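One-letter residues, chain by chain:
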Number of protein chains: 2
Amino acid sequence: MESDLIRAEILAIGDELLIGQTINTNAAWLGEQLNAIGIRIGRSVVISDQRQEIVSALNEASGRAQIIIMTGGLGPTKDDITKHTLCEYFNTELQINEEALARITEFFSRRGLPMLETNRMQAALPASCEVIHNHRGTACGMWFERNGSIYISMPGVPFEMHGMMEDEVFPKLAQFFKRPVIRHRTVLTTGVGESFLADQLKEWEHMLEARNIALAYLPSPGQVKLRMSSYSEAGRDVQADFAECEQELHRLVGEHIYGYDKDTLQSVVGHMLRDDKATLSVAESCTGGTLSRFITSVPGSSDYFQGGVIAYQNEIKERILGVSPSLIETYHVMSEQVAIAMAHGARTAFHSTWAIATTGVAGPGGGTETHPVGQICIAVAGPNGAVAATLRLGKRRENNMDMAAQAGLNLLRKEILKQKADF
Amino acid sequence: MESDLIRAEILAIGDELLIGQTINTNAAWLGEQLNAIGIRIGRSVVISDQRQEIVSALNEASGRAQIIIMTGGLGPTKDDITKHTLCEYFNTELQINEEALARITEFFSRRGLPMLETNRMQAALPASCEVIHNHRGTACGMWFERNGSIYISMPGVPFEMHGMMEDEVFPKLAQFFKRPVIRHRTVLTTGVGESFLADQLKEWEHMLEARNIALAYLPSPGQVKLRMSSYSEAGRDVQADFAECEQELHRLVGEHIYGYDKDTLQSVVGHMLRDDKATLSVAESCTGGTLSRFITSVPGSSDYFQGGVIAYQNEIKERILGVSPSLIETYHVMSEQVAIAMAHGARTAFHSTWAIATTGVAGPGGGTETHPVGQICIAVAGPNGAVAATLRLGKRRENNMDMAAQAGLNLLRKEILKQKADF
């Protein structure tokens, strides 16, 4: 089925990518998104902000691909030359686009900022392109067609590019190329490794193959996503196929599954809390705010999140969370006992139904023989008491903070489920 | 000046990079490292694990570059075909390399793992290459020379690739090519837009040009980095050039400059606090833990960070931070007055020298006419009282949280500087 696929190539323009100052996350995001709508990335290229490089890369790509997506080089400054080079390449010239100018003017006036000539010039766009408007910034995108191929130029700022692709470009591409419909269903797991899952799911993969469903393991720190993809076939009920496969997957590894598709651990936990009219607070030591940030990244989380304490010193654990100094002395501040006391303390201070606590060594320094870097205790306190667990993670500080915060959310998820089962 | 430079190209091989499952951090790392030794990355390409793609990409790159570095496709599994393709490309064949075999055998015996035939075959390497040994894994690297160009093949696992490049490849390259040195200096600004900066720095750019220094504006949310690059010329003191240009830059936009090169706002503020033996706490409402996470992402931040309160409900602001209900009623909970009261409250609760507070509407919902989405108040309290500011940001929740946290850190930075100036 691959041969049917439209080939796209990505052309990222920017010296900052070549010298390693910026990592090209745009290419990965575009690869994932285009793949999901049945467009295959054949090649992904990074070049510098130089006219000759851009022209020769465009010439090469146009011989191989039906879709060429450029990112970067659309800023207001002198080193951004993509727009001028595209004018030359498509034999057209810049003209002020009135809608773009109106948007840019509004962008600055809304923020109470002065608008300069360089900003106004961002509304000057190649006459022969279709303008793709940017609701999140001032650099417009461009859509050119030539000999049945599509050339798209996007700003390099990921947040702006994502919005423009989702709002305008993906729908336009789907309309332009008649794509077979691909359906995806992603099952989200946490707390289990990729190779362990792959081993448990050998038989299950045969079940997918029989239904012409492709499977991808998508690992990220602390999680593995299982993406099932099905190309529509006449006479097949794809949703029924997915449902059957999911049911079997639940039988095999159900305890590790926390959600589907665009869910996150924090959104899933948020739904559970809201459904129960329950509330949550946190007491964070080594995660240093990460857990709170995860929870509050969900819009509307103030419905159930009361708040938390970042207790980065023993004295704060004692004074604000009421952890007894003798408990710390007896068990060490990085112990499950202290994590549990912190969770109880948060629950009391914030009058919440549930509380999560973390304590440990995030690293890279500060480890000892008994409490090495990456050893982190998490605890959850709730209506029926508290539970705790000890994680043994790696040496990378921010990774450890993220993994521990996720593990805390997952422990809460399991406790809420257990409470429901007990009823 | 660019023409003197050796041109390298990177060829990353792997479907997982094209479909966005893995982000190509190897290219960024190689770009940074090679640039530092005077080798310019002219292009960076990602292709799939297919013989034809590898051959055609090699052909194209060899017409442009003196150094071609391949990463990936050297694993023991069937889909890893780089080694076979290179045999074909360089018209040679695989033979067992005895030193590699001994290393692989030792690798498995040290870990008490069984060694399979697929592992043994990793010691089969092209007869015409120079083998680059891997002290951290089982896949060897390869070094080929043809017509004065170098072709290097490396495993894709970053940790293994880094070690092999540092131990063997960089020294060999430095010996093979006699390199001019490239020097970079990056000046970091915050709280000011790219176009505003560019407008202020028009004249200054001429000053750089006269010294043969290239300039790049590198924007990211809330920040703009100014990167100066200079290729060493006989008789020029590049450091003196940089110093002169930096001095003028400070005169023009000094208030927006917070650091250099690898600094971050949180690391700069951390250094200032440590130097002063001062401490910090936070009271976060709408940033929901983001500010704490930023501060604690710096290793060793427990030296100065006391902790904080995430006050996601009015009741918490009142009870734990001691904000008076009448103040909230009079000025609204999202006001500079309340932000200042929160900062004072955190300073008192945590006994810290300084405190930062945030309150506002992160969005996307919850805005009103008087308190729209993106309107966020930040405050800093310190030994000499408190200051506050109101930000007017966009509609995207997580972006607003990040920008407000950065603005809070920057406000603290300015207050610490002001305090020093007052002495």
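Scoring rules and cut-offs
- Residues numbered from 1 in each chain as written.
- Chains lettered and ligands numbered in written order.
- Predicted model: local features only at pLDDT ≥ 70, side-chain atom pairs only at ≥ 80, totals over all residues.
- Heavy atoms only, no water.
- Helix = DSSP H or I, 4+ residues; strand = E, 2+ residues; numbered from the N terminus.
- Buried < 20%, exposed > 50% of the residue type's maximum accessible area, 1.4 Å probe, protein only.
- Contact = heavy atoms within 4.5 Å.
- Areas by Shrake-Rupley, 256 points an atom, 1.4 Å probe, with all protein chains shown as cover.
- Lys, Arg positive; Asp, Glu negative; His and termini not counted.
- Charge placed at Lys NZ, Arg CZ, Asp CG, Glu CD.
- Phe/Tyr/Trp six-rings, centres within 6.5 Å; stacked < 30°, edge-to-face > 60°.
- Lys NZ or Arg CZ within 6 Å of the ring centre and 35° of its normal.
- Pairing = 2+ DSSP bridges.
- Axes fitted to C-alpha atoms, helices over the stretch in contact; angles between N-to-C directions.
- Parallel < 35°, antiparallel > 145°, perpendicular 65-115°, else oblique.
- Left-handed = near helix turned anticlockwise from the far one by under 90°.
- Nonpolar A, V, L, I, M, F, W, Y, C, P; charged D, E, K, R; others polar.

**Comments concerning the overall build of chain A**
Move 1: Looking only at helices and strands, chain A has 16 helices and 17 strands in total.
Move 2: Structurally, chain A occupies a C-alpha span of about 80 × 60 × 40 Å along its principal axes.
Move 3: Each of the 423 residues in chain A was classed as buried or not, and the buried ones make up 56%.
Move 4: For chain A, the proportion of contacts with a sequence separation of at least 24, taken over those separated by at least 6, is 68%.
Move 5: Carbon together with sulfur atoms contributes 50% to the accessible area of chain A, which is approximately 17600 Å² in total.
Move 6: In chain A, which carries 39 positive and 50 negative side-chain charges, the distance between the mean positions of the two groups comes to 1 Å.

**Some thoughts on the environment of A:I316**
Move 1: For A:I316, the location among the structural elements is in helix 13 (residues 314-319).
Move 2: As a C-alpha pair, A:I316 and A:S285 span 31 residues in sequence and 9.9 Å in three-dimensional space.

**Considering the packing of aromatic side chains**
Move 1: All chains considered together, the criterion is met by 18 aromatic pairs over all chains.
Move 2: Aromatic side chains B:F176 and B:F177 sit 4.9 Å apart centroid to centroid with 65° between the ring planes, which places their arrangement in the edge-to-face category.
Move 3: A relative accessible area of 8% means that B:F177 is categorised as buried.
Move 4: Sitting over the ring of A:W143, A:K172 keeps its end group 4.6 Å from the ring centre.
Move 5: A cation over a ring is seen here: B:R146 above B:Y89, with NZ or CZ 5.1 Å from the ring centre.

**Notes on the pairing of strand 7 (residues 141-146) of chain A**
Looking down a regular strand, the side chains alternate between one sheet face and the other.
Residues and elements named next belong to chain A.
Move 1: Here three bridges tie strand 6 (residues 130-132) to strand 7, and the two strands are oriented antiparallel to one another. Looking at strand 7, one finds that I132 is bridged to G141.
Move 2: As defined by bridge partners, strand 7 adjoins strand 8 (residues 149-154) across five bridges and the pair is classed as antiparallel. Note that in strand 8 the partner of W143 across the bridge is I152.
Move 3: Turn length for the strand 7-strand 8 hairpin, with the two strands adjacent in sequence and antiparallel, is two residues, and the turn residue N147 shows positive phi of about 50°.

**Brief notes about the packing of helix 3 (residues 51-62) of chain A against helix 4 (residues 82-89) of chain A**
Residues and elements named next belong to chain A.
Move 1: Closest axis-to-axis distance for the helix 3/helix 4 pair is 10 Å, and the angle between their directions is 55°. Classed by the angle they form, the pair helix 3 and helix 4 counts as oblique. For the element pair helix 3 and helix 4, the recorded crossing hand is right-handed. Together, R51, I54, V55, L58, N59 and S62 of helix 3 and T82, T85, L86, E88 and Y89 of helix 4 make up the contact between the two elements.
Move 2: Counted by class, the contact of helix 3 with helix 4 contains five nonpolar, four polar and two charged residues.

**Digging into unusual backbone geometry**
Residues and elements named next belong to chain A.
Move 1: Omega for the bond connecting G363 with P364 falls within 30 degrees of zero, at -5°, which places this linkage in the cis form.
Move 2: The topology assignment puts P364 in the loop between strand 15 (354-360) and strand 16 (375-382).
Move 3: Of note in the backbone geometry, D261 takes a positive phi value of approximately 50° without being a glycine.
Move 4: Looking at where D261 falls in the secondary structure, it is placed in the loop between strand 12 (257-260) and helix 11 (265-275).
Move 5: One non-glycine residue, K277, lies in the positive phi region at around 50°.
Move 6: Note that K277 resides in the loop between helix 11 and strand 13 (280-284).

**Considering the side chain of B:S149**
Residue and element names in this part refer to chain B.
Move 1: Position of S149 among the secondary structure elements: in strand 8 (residues 149-154).
Move 2: On the basis of relative accessible area, S149 is assigned to the buried category, the value being 10%.
Move 3: Beyond its immediate chain neighbours, meaning those up to four positions away, S149 contacts A65, Q66 and F144.

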